[in-house]
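Summary of the model geometry
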Amino acid sequence: MDKILIEGRQPLSGEVRVSGAKNAALPLMAAAILCGGPLILNNVPRLRDLVTMASLLRHMGGRTEFENGRAELDMGTLHSPEAPYELVKTMRASALVLGPLLARCGRARVSLPGGCAIGARPIDLHLKALEAMGAVIDLDGGYVVARAPKGGLRGAHVNFDTVTVTGTENLMMAASLARGRTVISNAAREPEVTDTARALLAMGAEISGLETDELVIDGVGALRCASYQVMPDRIEAGTLIVAAALAGGRVVVKGSPHQALDAVYDKIREAGVGLKPEGEDLIVTSDGRIKSVGLVTRPYPGFPTDMQAQFMALMTVGDSAAIINETIFENRFMHVSELRRLGADITLEGHVAVVRGVRRLSGAPMMATDLRASAGLILAALAAKGQSEVSRVYHLDRGYDKLDEKLISLGARIRRAPA
Ligand code: EPZ
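Within each chain, residue numbers correspond to sequence positions counted from 1 in written order. Local features are withheld for residues below a pLDDT of 70 in this predicted model, meaning they are given only at 70 or higher, and side-chain atom pairs are given and counted only at 80 or more; totals for whole chains, interfaces and linings count all residues. As a rule here, side-chain values come from all non-hydrogen atoms in the structure, and water together with hydrogens is ignored.

Digging into the site of the ligand
Worth spelling out the cut-off: In this text, near means that some heavy atom of the residue lies within 4 Å of the molecule or strand in question. A 3.5 Å cut-off defines polar contacts: any pair of N or O atoms within that distance qualifies, except that in protein one atom must be a possible hydrogen donor and the other a possible acceptor, and neighbouring residues in sequence count only when both atoms are side-chain atoms. Numbering of helices and strands starts at the N terminus; helices are DSSP runs of H or I of at least 4 residues and strands are runs of E of at least 2. For this classification, Asp, Glu, Lys and Arg are treated as charged, while Ala, Val, Leu, Ile, Met, Phe, Trp, Tyr, Cys and Pro are nonpolar and the rest, including Gly, are polar.
The ligand sits among 23 residues. The nearest are D124, T164, T166, D306 and I328. At 2.8 Å from an oxygen atom of the ligand is found a main-chain nitrogen or oxygen belonging to V165. One nitrogen or oxygen atom from the side chain of T166 is found 2.6 Å from an oxygen atom belonging to the ligand. Elements supplying a minimum of two residues to the shell around the ligand: α1 (22-31), α5 (124-132), α6 (165-175) and α12 (371-383). Class assignment of the residues belonging to the shell around the ligand gives a composition of 10 nonpolar, six polar and seven charged.

What follows is the structure in structure tokens.
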């Protein structure tokens, strides 16, 4: 287990390129199950969760090859439609194989993901939606055992009670090979959902309503192999932007997905940071002085919950008080107690955090608890006087493509060391 050491208060400068989106690459890898031959994905980031998903696809009998950001995934030899607990427990997004397996093989045995640090994160809405398509689903020994009806899944009208990103993706993939039309109401509109839909269209799926909360999918007999470019990771881009805001300086974030980050750009501009799009790039300028700005996390196009910890880090040095309301997950404030170790002044009332800006943070040892919290701790340490360390950075490596190396390339005084 590594730790990361950070010497704070070092302004950043230079340019850094955003990697491909983890939360688009994961459903796209699961989509490989739907076609009988190789799906080629370009701009794939190098991170632990994708290695786990590749292990899962190979466990099922598929072939995976990764080379310089290009993934070739051939599920033509798929023979075992199952996702074992040993793999699923390390990555909840494994539930994304459920819909594709039911659509391709007519059956699936997928371990229930279990909760994680940020919440219970059930998949009840996924299961209810697949049952609406005729699937028979039992729970047996911690596994979802699902079977499609004779003749395959049937199109259905599904109205999600709660906006669910992977629930929408799971259903869209299942519906692409179902008989008849599926309408998904209250569908998630996250850019990664749209990216998945675009890849399915490239594979021959018939989907309309992209970027809206109502998706219409007309099932087809088979999907073809295709090649697809994964969108840039908006959360990594947002994380890099907050790093430049906190450390101060001038940074060019190359390939930042401006439209997908609309709500994040607005809030960071409100906080007094200069953001200037220039073609595909974003020029970030900051003198390190931050205005306190409140926010509420919402499904897209609202402010993303995956940027809440990073934005809270920014608010710890704001000029007054900021109210942050986390509405998506029930326990996504694990970073608060760690930020307090740097001298941050944060009080919690249930889902709401009141962050009173302090003049100076001081470096201290901290412990990462979940993926985005670990990023938030590193960002806050960039603004803290003296040395900080963040342990358990395996959380970071699950979802970021060498974030520490990217920050070092911008001049941050960071190094990785064995714990
Ligand atoms: C996706 O998770 C992302 N992961 C998460 O990113 C992200 O935080 C989340 O969407 C919200 O944007 C991937 O895309 C791989 P949800 P997902 O289903 O799909 C409840 C990261 O850091 N819910 O949209 O699991 C759920 O408990 C990760 O990259 C049910 O109750 O999230 C939550 O409160 C963390 N029943 C809310 O809905 C269900 O069946 C939204 O969850 C499904 C969800």
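Remarks on the sheet that holds strand β10 (residues 157-159)
The cut-off we apply is this: A pair of strands is considered paired only if DSSP assigns at least 2 bridges between the two. Every axis in this analysis is a line fitted to C-alpha atoms, fitted for helices over the stretch in contact. Angles between the N-to-C directions lie between 0 and 180 degrees.
Ordered by their spatial adjacency, four strands build an open sheet running β10-β11-β13-β12, and the pairing between neighbours is mixed. Strands at the two margins of the open sheet, each flanked by one partner only, are β10 and β12 (206-208). Pairwise comparison of adjacent strand axes, ignoring direction, gives a mean angle of 15° for this sheet. Bridge count between β10 and strand β11 (residues 181-185): three bridges; the pairing is parallel. Its bridge partner being in β11, N159 is matched across the sheet by S185.

Quick notes on the environment of E190
This is how it is decided: To sort residues, take the accessible area from a 1.4 Å probe on protein chains only and compare it with the maximum for the residue type: under 20% means buried, over 50% means exposed, and anything in between is partly exposed. What makes two residues a contact is simply this: any of their non-hydrogen atoms within 4.5 Å.
Among the structural elements, E190 can be located in the loop between β11 and α7 (191-202). A residue is classified by how much of its surface remains accessible, and E190, at 8% relative accessible area, is buried. Linking E190 and A30, residues 160 residues apart in sequence, is a C-alpha distance of 17 Å. In contact with E190, not counting residues within four places along its chain, are V165, R234, P299 and Y300. Only 2.8 Å separates the side chain of E190 from the backbone nitrogen of Y300, close enough to count as a polar contact.

A closer look at the pairing of strand β17 (residues 281-286)
Counting buried residues along β17, five of its six residues qualify, which places the element largely inside the surrounding structure. Across five bridges, the pairing between strand β15 (residues 249-254) and β17 is antiparallel. Directly across from V251, in β17, lies its bridge partner V284. Note that strand β16 (residues 274-278) and β17 share five bridges and pair antiparallel. Bridging across to β17, G274 finds its partner in T285. If you look at the hairpin formed by β16 and β17, you'll find two residues sitting between the two strands, and G279 has a positive phi there, around 65°.

Topic: unusual backbone geometry
Of note, the amide linkage connecting Y300 to P301 takes the cis form, showing an omega dihedral of 15°. Structurally, P301 is set in the loop between β18 (295-296) and α10 (308-315). Of note in the backbone geometry, R9 takes a positive phi value of approximately 60° without being a glycine. Looking at where R9 falls in the secondary structure, it is placed in the loop between β1 (2-7) and β2 (12-17). Judged by its relative accessible area of 43%, R9 falls in the partly exposed class.

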